[in-house]
Amino acid sequence: MSLIGAKVLRKEDPNLITGQGLYVDDLQPAGCAFMATVRSTQPHARIVAVDTSAARSIDGVLAAWTATDIANLPARPSSLPGMDMPLITGDVARFVGDIVAVVVAADRSTAADAAEAVIVDYEPLPAVASLGQALATDAPMIHPVLQGNTVFFQDYTEDLSAEFAAAPRTASLSLVNNRCAPVPIEPNVVLADWGPAGLTVWAAFQAPHHLRNTIAAFFGISQDTTRVIAPDVGGGFGAKINFASEIFLAAALSRALSRPVKYTQTRSECMVAMFHGRAQEHKVDVAFDDSGKILALKVQVTQDQGAYPDATGMGLPVLTTAMSAGCYKIPKVAVSWRNVVTNTTPVAAYRGAGRPEASYMIERVIDLVADETGVDPIEVRKTNFIPADGFPYQTHSPLAVYDSGNFAGALDELLRHVDYPALKAEQAARMADPTEKLLGIGFSSWLEIAGFGPPGSLEAFGHLASWESAQVRVQPDGSAIIYTGASPHGQGTVTTFAQIAADQLGIDFDRISVRHGDTAVIPQGIGTMGSRAVAVGGEGVKTASTRVFERAKKIAAHLLEATEDDIVVENEEFHVRGTPSKSVPWSQVAWKSFQPLELPAGMEPGSLDATVFQQVPNFSFPSGAYCCVVEIDRETGEVEIRNMYLVDDCGTVINPMLVEGQVHGGVAQGIAQALYEHMQYDESGVPRTATLMDYLVPAAPDLPGYVSGRTVTLNPSNTLGAKGVGESGSVGAPPAVINAVVDALSHLGVKHIDMPATPQKIWSILRGSK
Amino acid sequence: MSTIETHTTRVTVTVNGREVSEEVEPRTLLVHFLREQARLTGTHVGCDTSNCGACTVLIDGEAAKSCTVLAVQANGHKVTTVEGVGNGSGGFSPVQEGFRQEHGLQCGYCTPGMIMACTALLTENPKPNEHEIREALEGNLCRCTGYETIVRAVQWAATNGGAGEWA
Amino acid sequence: MGMIPARFDYRQAGSVAEALQLLVSCDDAKLLAGGHSLVPLMKMRLVSPATLIDISGIAELQGVADTGSVLRVGALTRHRVVERSQVVAQHVPLLAHVAGLVGDPQVRNRGTIGGSLVHGDPAADLPSVALATGATMIVTGPAGERRITAADFFVDFLETAVGPDEILTAIEFPKRTGAGFGYEKFVRRSMDYAIVGVAVQAGEQPGIALVNMGSVPRRAEAASQALASGAAVDAVAALAADGTNPPEDLNANADYRRHLASVLTKRALLAAGYR
């Protein structure tokens, strides 16, 4: 019986539910010292002096470093030339959170005391806290290498003035995609131990091999003596792909002090230090006809990169603009983007990374077209969908050739769960009764570019390559170990990969282990990001498992004196097809696979062991259709989500329970962006939401339950047919929520509301309408 | 600052039925006492403003955020952590099993605190409805699940043994 | 930043007398009850007392006593105990109700009524109950006991009438047996402090008090008077924000707060049985 598609309980859970998980901060090796940071309290300031003398005089303090102590080290990797992010900044602090000193002490408390005792003398400089300020004439500049604050500008890829001039109707929309903090519940944590035999770094990280390669190059040491371990990781959401400066500082301090050095970020630090996500502004123009058919689209994206442009962060608007047409066949699309620096926390990947911004934009555009034409939003979507038989579909972007999908099918499936006519009737009835809350119904038909990816796709973001490694090794007793480079942080990879391997190998799921996260155990790997673990890494497990199984069949055939083609496996027994009595157990085959005398001619011992570097020819394109129903309190402006209907198409489902979990989590973050979360700065660049008291990560009472449905179109780029699902919810949910909010208020002439749709914003609209 | 004298104080806490007695600085938070003195690292720290609840333990059977309690405040009291709620022979408590059955966890970092908050809930209210479950968990943040599967986990536990027993 | 308090000396007081003596003899001392207002501030090092005097073991400050005309609630009584108390639910139901809405369950298990009141946070829930019900604070100092009305108790932002050498020992709530009550707490996220809150105590001496409508917890004086004189619900609600100077923050500007105060007052009045 196939395990693909089965609800299998997670192998990960027994440790995690009993407190036996191992997160980096749980490690406390002998001699472990503790690092703490001193961070700029100023958005932009010249650093006149950093006085560490008081800190150094505290008993138990082992080191207090400023920029001069790391003068021989490079800047943070993944920086841009001339705009490097120093590990410790020496001359100028460029955002609140910029590291100006680090201290190390024998215990956690003394380290905190020492950090507090460091005195920094700042001379404030004028700052730019927003895109508007950064792009103003004569704006204060952050990096002298730039003319102004624009790092890169791509003008419109095409001139569409003729299309717009000829169009029956046009409309425009300005959108802000609010800056979000990723907030994994485990912040950045690192433990570095640099001994005579080399450097070992335990890090809460999504891509340990990427870190290994980078940290070795950073220190000019050899990769063979550099080991990175990502043990259990408490969430990442894209933010733990970034090379946090603290990782390199802890390693440098461990080398200097000859003892392990641990750094555990506090949450308040994490809010300003861990790179943020989103932070885009869009200007969109759309040309369409009276039927709601879209004729042309112009999208201009301005990306806030924060104080130091990160190589990954620079790619966000590339992805946004590549996906700007969503799941629609739009004859003409022109895109433009600009990357801008501001005196704020750097911006890089956060769940979806550039793609939620695109789906939000195009789905808002669809509802705007519906509003302008009076055509129902469902019909506008159906009018413009790429048809189910329209694949492969070359988008306006050379990066994206959609290979599969059935967008109308997903929307139809959604409408089986949603009684749309009844909701419309209820909406009208409520609108007529001023004592009732307003009702809003919002849809999103979304698609995303996932499954990173085809050759070149991750190299563009500084990774070694875009394959994923998988090794399948059968032990002498017939159990199997899978080694994957796709190091997880909550995805359930240990379970899904064992399911995939069990199917291919015919070995019991309970006798398959999956190892990950340790570069000494798994020599090469890429990592878990961009919804790639199953679509690339899982496919690799399948490929490697198939190779091992073919070899096992050869051995079984030899032992059974049968031909290989007649060998089948059932209940961990190989037998000759049609002759069940003629059989040999997997354990025997495994045992003998190590015994040269038992092997067929030409076969090496230990051959039930295969490593692949799995490549895929294209990205994957998960898609779906969501519907959100909101109620709005007319007096307070409070929005409550009453229903959230979710139809996902992630291709083949390996484990429905885990797919549901990924969708729910992504949707929760999407709702959070739409209604709650917004990393805000005041006009001077001081963050206003730098703790979890002010930055509103929603709790259980704040989020709705979900109704889930599914459609399946297979991913043609792998044999599993799986597309990935990690980012889907965060791509699909925000537009559904905001479309619902706007729908509830559209009778007041409301065309758009920026996220998050806070009660005060909505009350202002409601008040204005009276 | 280096001249401030350090007075330590002896703190004795019954953790999961076993006495842990250590000399600590009075400023030692209970969560650090549990993680570093008792070496029970199942209790996690996720924030510094008492919002996230990852550090939730039971003090004398009631849920508390151990990052907001000084170790000295727990002196002489009983503390139960996630390591203490199983059946003692490697088996899971109904709440732990509910989290496993209903996929109430992903990265697992908030999970120990969630399990302790849910254990406290079911001790007080063995048959909570969905609204009561969500309200009871308002002090615990999860970034992975979106909470619905956690609600189901509690419901599973409620129909399969409830809060369970612990030391 | 954020996690570990500065060093302090720790002392335990076994009685009010001992605590008062320690307050005098220790420099820069603060009282530690449940610690749920103080410890977070100490972790952020916004407050770094040289000495903490742990009063949580003082038995005489615990529990609820029915003295006939009033309920006397010991300052160290935890929110959870107040919330679950049958006596409180019967005689000051507004207090039991609101105690169940403070923070989250973990906070309610540890935080104390006295600690919350003496912190003087205008965004906290319980000061509004003290103000709406006309509670009296019992404060003990070197010169003996003082009785301070709730209206006089809250002095300034995070500042109460309790002197540096005094201890809030108990709160006396006049019985409101059988009278209606309402409490409306407007939040964006369930666990948070109120953006605006309104407490309404119905009955012979009705009162309306506001949460987070200024730098100090305060009664809605004009609305309370209108209510006492029998004004209609809408008219009372319209007066809710009279004389307030509401704070402005990320969640609400002053106008919005005034508006919310009216809306929530109306809802609390309806909940309290006014029509």
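In this convention, every chain numbers its residues from 1, walking through the sequence in written order. Starting at A for chains and at 1 for ligands, labels are handed out in the order in which the entities are written. Local features in a predicted model are, by the rule used here, given only for residues with pLDDT of at least 70; side-chain atom pairs are given and counted only at 80 or more, and totals for whole chains, interfaces and linings are based on all residues. Values shown for side chains rest on all heavy atoms present in the structure; no hydrogens or waters enter the calculation.

1. Digging into the packing of aromatic side chains
Residue and element names in this part refer to chain A. Paired rings are identified among Phe, Tyr and Trp, the last through its six-membered ring, by centres lying within 6.5 Å, and are further divided according to the angle between planes into stacked (under 30 degrees), edge-to-face (over 60) and tilted (the rest). Inspection of the entire model under this criterion finds 22 aromatic pairs over all chains. With a centroid separation of 5.5 Å and 5° between ring planes, the pair formed by Y328 and F385 is classed as stacked. With Y328 in the loop between α10 (316-322) and β15 (332-340) and F385 in the loop between α12 (377-384) and β16 (393-394), the pair connects residues that are 57 residues apart, well separated along the chain. Residues Y328 and F385 agree in their burial class; the two are buried. Among the aromatic residues, ring-to-ring pairing joins W194, F205, F218, F219, F243 and F248 into one connected group. Its guanidinium or amino end placed over the ring of Y156, K298 lies 4.9 Å from that ring's centre, counting from NZ or CZ. Over the aromatic face of F164 sits the side chain of K298, whose NZ or CZ is 5.7 Å from the ring centroid. Put simply, DSSP marks the helices as runs of H or I at least four residues long and the strands as runs of E at least two long, and each gets a number from the N terminus on. Accessible area is worked out with a 1.4 Å probe on protein chains only. A residue is then buried under 20% of its type maximum, exposed over 50%, and partly exposed in between. Two thresholds decide whether a charge sits over a ring: the Lys NZ or Arg CZ must be within 6 Å of the ring centre and within 35 degrees of the ring normal.

2. Section: the state of the cysteines
Here, the term disulfide refers to a pair of cysteine sulfur atoms separated by no more than 2.5 Å. This structure, assessed with the given rule, holds zero disulfides over all chains. Sulfur of C32(A): no disulfide; nearest cysteine sulfur belongs to C270(A) and is 20 Å away. Cysteine C52(B) shares no disulfide, and the gap to the nearest cysteine sulfur, in C47(B), comes to 3.9 Å.

3. Let's talk about helix α12 (residues 254-271) of chain C
Multiply 1.5 Å by the residue count of a helix minus one, and that product is the helix's expected span. Taking 1.5 Å of rise per residue, the 18 residues of α12(C) would be expected to cover 26 Å, and the 25 Å separating its terminal C-alpha atoms lies within 8% of that figure. Looking only at α12(C), the buried set comprises A254(C), Y256(C), R257(C), L260(C), A261(C), V263(C), L264(C), T265(C), A268(C) and L269(C). Should any heavy atoms of two residues lie within 4.5 Å, those residues are considered in contact. Taken together, the buried residues of α12(C) touch α20 (759-768) of chain A together with β11 (181-186), β12 (196-201), β13 (207-211), α10 (221-228) and α11 (233-238) of chain C. Polar contact criterion, stated in full: a pair of N or O atoms within 3.5 Å, where within protein one must be able to donate a hydrogen and the other to accept it, and residues adjacent in sequence count only if both atoms are side-chain atoms. The backbone nitrogen of D255(C) lies 3.3 Å from a side-chain oxygen of the residue at the head of α12(C), namely N253(C). Just downstream of α12(C), G273(C) is the residue with a positive phi angle, here 105°.

4. Examining the domain arrangement of chain A
Residue and element names in this part refer to chain A. The assigned domain composition of chain A is domain 1 (13-125 + 183-273), domain 2 (280-452 + 618-769) and domain 3 (467-614). On a C-alpha basis, the centres of domain 1 and domain 2 stand 36 Å from each other. Each side of the interface is counted separately: domain 1 has 27 residues, and domain 2 has 27 residues. Buried surface at the junction of domain 1 and domain 2, both sides included, amounts to about 2100 Å², of which 65% is carbon and sulfur. By salt bridge we mean one thing: a side-chain nitrogen of Lys or Arg within 4 Å of a carboxyl oxygen of Asp or Glu. Linking domain 1 with domain 2 are one salt bridge. Domain start and stop positions are those given by an automatic or database domain assignment. Summed over both partners, the accessible area (1.4 Å probe) lost when two parts come together is defined as the buried area.

5. Some thoughts on the domain arrangement of chain C
Residues and elements named next belong to chain C. Assigned domains within chain C: domain 1 (9-54), domain 2 (62-174) and domain 3 (181-271). Using only C-alpha atoms to locate each centre, domain 2 and domain 3 end up separated by 19 Å. Across the boundary between the two partners, domain 2 contributes 22 residues, which contact 21 residues of domain 3. With a closest N to O distance of 3.1 Å, D125 and K185 form a salt bridge. Linking domain 2 with domain 3 are five residue pairs in polar contact (both at pLDDT 80 or more). The dominant element in the side of domain 2 that touches domain 3, judged by the number of residues it contributes, is helix α8 (residues 126-133), at five residues. Amino acids are sorted into nonpolar (Ala, Val, Leu, Ile, Met, Phe, Trp, Tyr, Cys and Pro), charged (Asp, Glu, Lys and Arg) and polar (every other residue, Gly among them). Of the residues that constitute the side of domain 2 that touches domain 3, the class distribution is 14 nonpolar, five polar and three charged.

6. Some points on the packing of helix α18 (residues 656-676) of chain A against helix α19 (residues 728-745) of chain A
Residues and elements named next belong to chain A. The axes used here are C-alpha line fits, helices contributing only the stretch in contact, and every angle between their N-to-C directions lies in the interval 0 to 180 degrees. For the pair α18 and α19, interaxial distance at closest approach is 7 Å and the crossing angle is 40°. In terms of orientation, α18 and α19 fall into the oblique class. Of the two possible hands of crossing, α18 and α19 adopt the one that is right-handed. Counting all contacts with α18, which are made through V663, G666, V667, G670, I671, Q673, A674 and L675, the residues of α19 involved are G729, S730, A733, P734, V737 and I738. When describing relative orientation, an angle under 35 degrees is termed roughly parallel and one over 145 degrees roughly antiparallel, while 65 to 115 degrees is termed roughly perpendicular and anything else oblique. Helix crossings get a hand from a simple test, with the near helix turned counterclockwise from the far one by less than a right angle marking a left-handed crossing and a clockwise turn marking a right-handed one.

7. A few points about the interface of chain B and chain A
The interface is formed by 49 residues belonging to chain B together with 64 residues belonging to chain A. When chain B packs against chain A, close to 4600 Å² is buried across both sides, 55% of that on carbon and sulfur atoms. A per-residue breakdown of the area chain B buries against chain A is headed by R100(B), H103(B) and R143(B), which together make up 18% of the total. For the pair chain B and chain A, the number of links is six salt bridges. Here chain B is connected to chain A by 28 residue pairs in polar contact (both at pLDDT 80 or more). Those elements that provide at least two residues to the side of chain B that touches chain A are α1 (30-37), α2 (94-101), α3 (111-124), α4 (130-136) and α5 (148-158) of chain B. Considering each element in turn, the side of chain B that touches chain A owes the most residues, four residues, to α2(B).

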